[in-house]
Amino acid sequence: MALFRGRKTVFVDSDILVIGGGMAGCGATYEARHWGRDLKIVCVEKANIERSGAVAQGLYAINCYMGMQWGENQPEDHVRYARNDLMGLVREDLGYDIARHVDSSVHKFEEWGLPIMKDPKTGRYQREGKWQIMIHGESYKPIVAEAARKAATEVYNRIMVTHLLMDKSKANRVAGAVGFNVRTGDFHVFRAKAVIIGAGGASHIFKPRSVGEGMGRTWYAPWSSGSAYALPIQVGAKMTQMENRIVLTRFKDGYGPVGAYFLHLKTYTQNGNGEEYESKWYEHTKALVGDYIDHHPVPTCLRNHAFIEETKAGRGPIRMVTKEAFQDPHKETVGWENFLGMTIGQAVVWASQNIDPKHINPELSMSEPYVMGSHATCSGAWASGPEDYAPAEYQWGYNRMMTVDGLFGAGDTIGGTAHKFSSGSFTEGRIAAKAAVRYVSDLGRDQPQVSEKEYQDLEKLIFQPMENYRIGRNEITAGTVSPSYLLPIHGLQRLEKIMDEYVGGTSTNYMTNGVMLNRGLELLTMLKEDMNHMGAEDLHQLQRTWELQHRILASESVTHHTLFRKETRWPGYYYRGDHMKLDDENWHCFTLSRYDRETDKWAMEKAPVYHIVD
Ligand SMILES: Cc1cc2nc3c(=O)[nH]c(=O)nc-3n(C[C@H](O)[C@H](O)[C@H](O)COP(=O)(O)OP(=O)(O)OC[C@H]3O[C@@H](n4cnc5c(N)ncnc54)[C@H](O)[C@@H]3O)c2cc1C
């Protein structure tokens, strides 16, 4: 390993290790200091917390705010809302826990300098919708990161965490994590008493609509590589609802969000012939999902369903009618600013395609699927609930602790709790940190120990792709294709193709079935075998390799969950062609999985859904 013979190993000891410095990670770091004044709190991030995660380029709205100070909503209302949108299946205890604390997080953001728009008549925060408030949010992330930086003992930027470390003596107890610095190549061993994962969801596991020159343009952040799922999966933590991938209606090609347009500008959609189409699909949808179609608001997936069916029927493209709203200069300004503060790419796409929404109704499209635990879906780890509210079956220790001792999570990491968004993820980070501080203090002298052999073996494994490249490139006689290694981009495209064609991506109109899923699993197994032959030219490619490893594990989990749930619970997110109907009798439940890395096998089970709120 000539290039890295001088590689250093850096040891970092901490009480609490926070992996990922996005919204949840910053919330966890901030709150850990509040409860653990004398603790060593370390945050490790693969980018730089100043501008990292899904909020990196700013937001225009905070999508989860109750407004309890003005009696606008109560936490129970939010639970009902999320439950309805997820077709009945949410962890109500976890959702309630976030909703009752989220307002205080938003008040902190304002205190720290985030400009929140005010309604000039009432003086209250300007609402975009029932749950959303509008912000000037270009600097949202730097503001939140500053609070985390001041709270942390140390922040380690530019370190990609690849694996968790387990306790030498207690098999199911976490003891830290390892990773490498993506700039210097140093190997990092983080020893910790408790670990909180806030590493975001997964994009690029399904083939994106934008390929070739457009590759990298996705709705979800392209750097969200599924570490939040792969890290706990690797060590046997139970996962839930991984089949519940998200598909979004977005402005075509730039993936600009539609929320402010629907809610604030009151724009609406039409088919290619200029007709309203959603009502046409009412009977058809009712036959699939029964009364859920009569719920208000109509669940997000069912609105997607009407869009997909209308397009399949040959009456696309679906357009957003902006021409009327944009005649009002205020609304026109808001329409453009909405993108300039959040998704500049959409404004650029419109400019480049001569689309002025005042004169042309822009096209919408349905995104490829992503895996997230904080948006309108709830994939993630199965976590213990709040002591004062969770049913006994949902409690095995500390709030937000996974089924692995000492391993906590928040934000996209934790399953069963949709609609937390940026503010709810930060809040969940705070909740997890408070519990983690208590866990650490309860440990007393019984502290986890890492095994030297474990991290030394991992070091070899992590850097092996660079060795493969160094040796394998000598076998190239012409061009760039080596007979003995595979590049990360090739592996990524192979993964995306498998997921797209077999697990319900765009090219099958989100359709899959048992036969296809089983074939998908076979192909994923072959891809996993080939990952031993990955070649990484430099540290950047080494990071790509490990991101791909994490994406593959997350994808395998999605596929197993999709196979296990024998119904179509969320038409518009995906379809099981062999079980096209929602089946409340057999599947009004959570799906749980556990991966065993010794045997490479997945065990699936059902868990009950408790409805705590009326
Ligand atoms: C396009 C888009 C638009 C959105 N719009 C809104 C909105 O308008 N309003 C709203 O309230 N919410 C919005 N959200 C939701 C909000 O951004 C998320 O809910 C929130 O960011 C989730 O927080 P998180 O901490 O779980 O993940 P993130 O904030 O994404 O943070 C994850 C962090 O982990 C780091 N990381 C990942 N893997 C590793 C690893 N292996 N090692 C070390 N670090 C790692 C990442 O770099 C990142 O910093 C939007 C999300 C998206 C994707």
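Further up the page is the structure itself.
In this report, we go over the structure that sits alongside the text.

Criteria and thresholds
Residues numbered from 1 in each chain as written. Predicted model: local features only at pLDDT ≥ 70, side-chain atom pairs only at ≥ 80, totals over all residues. Heavy atoms only, no water. Helix = DSSP H or I, 4+ residues; strand = E, 2+ residues; numbered from the N terminus. Buried < 20%, exposed > 50% of the residue type's maximum accessible area, 1.4 Å probe, protein only. Contact = heavy atoms within 4.5 Å. Areas by Shrake-Rupley, 256 points an atom, 1.4 Å probe, with all protein chains shown as cover. Lys, Arg positive; Asp, Glu negative; His and termini not counted. Charge placed at Lys NZ, Arg CZ, Asp CG, Glu CD. 1 Å grid on protein atoms, 1.4 Å probe; cavity = no way out; pocket = protein on both sides within 12 Å on 5 of 7 lines; lining within 4 Å. Points joined across faces, edges and corners; volume = space filled by probe spheres on them. Nonpolar A, V, L, I, M, F, W, Y, C, P; charged D, E, K, R; others polar. Core = buried A, V, L, I, M, F, W, Y, C linked by side-chain atoms within 4.5 Å. Phe/Tyr/Trp six-rings, centres within 6.5 Å; stacked < 30°, edge-to-face > 60°. Lys NZ or Arg CZ within 6 Å of the ring centre and 35° of its normal. Pairing = 2+ DSSP bridges. Disulfide = S-S within 2.5 Å. Near = heavy atom within 4 Å. Polar contact = N/O pair within 3.5 Å; in protein donor to acceptor, adjacent residues only side chain to side chain. Axes fitted to C-alpha atoms, helices over the stretch in contact; angles between N-to-C directions. Parallel < 35°, antiparallel > 145°, perpendicular 65-115°, else oblique. Left-handed = near helix turned anticlockwise from the far one by under 90°. Salt bridge = Lys/Arg side-chain N within 4 Å of Asp/Glu carboxyl O. Patch = residues over 30% accessible without salt bridge, like charges linked within 9 Å, V, L, I, M, F, W, Y side chains within 5 Å. Expected span 1.5 Å × (residues − 1). Bend = angle between axes of the 7 residues up to and from the residue.

Looking at the overall build of the protein
So, step 1. For the protein, the count of helices and strands is 16 helices and 19 strands.
So, step 2. Once the C-alpha set of the protein is aligned to its principal axes, its extents read approximately 65 × 60 × 50 Å.
So, step 3. Burial status across the protein gives 61% buried among its 614 residues.
So, step 4. Pairs at least 24 residues apart make up 75% of the contacts formed inside the protein by residues separated by at least 6 positions.
So, step 5. When the accessible surface of the protein is split by element, carbon and sulfur atoms take 51% of a total near 23,000 Å².
So, step 6. Across the protein, 70 positive and 75 negative side-chain charges occur, with their mean positions spaced 3 Å apart.

Here's the deal with the layout of surface pockets
So, step 1. Taken as a whole, the second largest pocket spans an internal volume of roughly 1,100 Å³.
So, step 2. Forming the walls of the second largest pocket are 34 residues, and the residues nearest its centre are His163, Gln234, Leu461, Tyr595 and Arg597.
So, step 3. Elements represented by at least two residues in the lining of the second largest pocket include exactly β6 (159-166), α12 (452-472), α14 (514-530), α15 (539-564) and β18 (589-596).
So, step 4. When its residues are assigned to classes, the lining of the second largest pocket shows 13 nonpolar, 11 polar and 10 charged.

Observations concerning the nonpolar core
So, step 1. Ile16, Tyr140, Ile196 and Phe408 are the most contacted members of the largest nonpolar core, which totals 104 residues.
So, step 2. Top contributing element to this core by residue count: helix α11 (residues 421-443), with 9 residues.
So, step 3. In terms of nonpolar packing, the next biggest core, distinct from the first, is built from 57 residues, Ala237, Met402, Leu486 and Val503 among them.

Thoughts on the packing of aromatic side chains
So, step 1. One pass over the structure, following the stated rule, counts 36 aromatic pairs.
So, step 2. On the basis of an interplanar angle of 85° and a centroid distance of 5.6 Å, the ring pair of Trp382 and Tyr394 is categorised as edge-to-face. Taken together, the residues span a long stretch of sequence, with Trp382 in the loop between β14 (380-381) and β15 (407-409) and Tyr394 in the loop between β14 and β15 at a distance of 12 residues.
So, step 3. What makes Tyr394 buried here is its relative accessible area of 0%.
So, step 4. Ring centres of Tyr595 and Trp602 lie 4.9 Å apart, and the angle between their planes is 40°; this geometry places the pair in the tilted category. Both residues of the pair, Tyr595 and Trp602, belong to the buried class.
So, step 5. Three or more aromatic residues joined by ring pairs form one cluster here, namely Phe251, Tyr261, Phe326, Trp336, Phe339 and Trp350.
So, step 6. The cationic tip of Arg91 hangs over the ring face of Tyr394; the distance from NZ or CZ to the ring centre is 4.0 Å.
So, step 7. Directly above the aromatic system of Trp587 lies the positively charged group of Lys606, at a separation of 4.1 Å from the ring centroid.

Regarding the pairing of strand β19 (residues 601-608)
So, step 1. As judged from the 8 bridges shared by β18 and β19, these two strands associate in the antiparallel manner. Bridge pairing in β19 places Ser593 opposite Met604.
So, step 2. Linkage of β18 to β19, two consecutive antiparallel strands, is achieved through a turn of 4 residues, within which Asp600 is found at a positive phi near 60°.

Some remarks on the state of the cysteines
So, step 1. Scanning all chains against the criterion turns up 0 disulfides.
So, step 2. With no disulfide of its own, Cys26 lies 6.1 Å from the sulfur of Cys43, the closest cysteine sulfur.
So, step 3. The closest cysteine sulfur to the non-disulfide-bonded Cys301 is located on Cys378, 11 Å from its own sulfur.
So, step 4. Note on Cys301: relative accessible area 0%, which makes it buried.

Focus: the site of the ligand
So, step 1. Not every one of the 31 residues close to the ligand is listed here, only the nearest: Ala24, Glu45, Ala61, Ser374 and Ser422.
So, step 2. Contact between the ligand and Ser422: an oxygen atom at 2.7 Å from a side-chain N or O atom of the residue.
So, step 3. Summarising the interface, the protein chains cover 96% of the accessible area of the ligand, which totals 990 Å² for the free molecule.
So, step 4. Mapped by element, the contributors of at least two residues to the shell around the ligand are α1 (23-35), β3 (59-62), β6 and α11.
So, step 5. Within the shell around the ligand, the residues separate by chemical class into 15 nonpolar, 13 polar and 3 charged.

Examining the packing of α1 against α11
So, step 1. At a minimum axis separation of 7 Å, α1 and α11 run at an interaxial angle of 40°. Of the possible angle classes, the one that applies to α1 and α11 is oblique. In this structure, α1 meets α11 at a crossing whose hand is right-handed. On the side of α1, the interface is formed by Met23, Ala24, Cys26, Gly27, Ala28, Tyr30, Glu31, Ala32 and Trp35, while α11 contributes Ser422, Ser425, Phe426, Gly429, Arg430, Ala433, Lys434 and Val437.

Re the pattern of salt bridges
So, step 1. Inspection of the entire model under this criterion finds 50 salt bridges.
So, step 2. Among the salt bridges present, the one from Glu92 reaches Arg83, with a minimum N-O distance of 2.9 Å. The two residues Glu92 and Arg83 agree in class, both being buried.
So, step 3. What emerges from the salt-bridge pattern is a single network uniting Asp97, Arg100, Asp388, Arg400, Lys420 and Glu428.

Some points on a nonpolar patch on the surface
So, step 1. Among the surface-exposed residues, Leu340, Ile344 and Val348 lie close enough to one another that they form a single nonpolar patch of about 270 Å² accessible area.
So, step 2. Structurally, the position occupied by Val348 is in helix α10 (residues 344-352).

A few points about helix α3 (residues 92-111)
So, step 1. Between the first and last C-alpha of α3 there are 30 Å, a value that for 20 residues agrees with the 28 Å anticipated at 1.5 Å per step.
So, step 2. Most pronounced at His101, the bend in α3 amounts to some 40°.

Here we look at α14
So, step 1. A rise of 1.5 Å per residue sets the reference length of α14, with its 17 residues, at 24 Å; its end C-alpha atoms lie 25 Å apart and thus fit the reference within 8%.
So, step 2. Within α14, the full set of buried residues consists of Gly514, Leu517, Gly520, Leu521, Leu523, Leu524 and Leu527.
So, step 3. Where α14 begins, the capping side chain belongs to Asn513, and its oxygen is found 2.9 Å from the backbone nitrogen of Val515.

Remarks on the packing of helix α9 (residues 329-340) against α10
So, step 1. Two elements in contact, α9 and α10, have axes whose closest approach is 6 Å; the angle formed by their N-to-C orientations is 120°. Taken together, the axes of α9 and α10 lie oblique to each other. Residues Trp336, Phe339 and Leu340 of α9 form the contact with α10, whose participating residues are Ile344, Gln346, Ala347 and Trp350.
So, step 2. Among the residues making up the contact of α9 with α10, the classes are represented as 6 nonpolar, 1 polar and no charged.

Topic: empty space enclosed by the protein
So, step 1. Taken as a whole and assessed by the stated rule, the structure comprises 1 cavity of 30 Å³ or more.
So, step 2. Here the largest cavity is characterised by a volume of approximately 100 Å³.
So, step 3. His78, Ala82, Gly95, Thr417 and Ala418 are the residues nearest the centre of the largest cavity, which is lined by 15 residues in total.
So, step 4. Listed by contribution, the elements that provide at least two residues to the lining of the largest cavity are α2 (75-85) and α3.
So, step 5. For the lining of the largest cavity, the leading source of residues is α3, giving 4 residues.
So, step 6. Of the residues belonging to the lining of the largest cavity, the class tally is 7 nonpolar, 5 polar and 3 charged.

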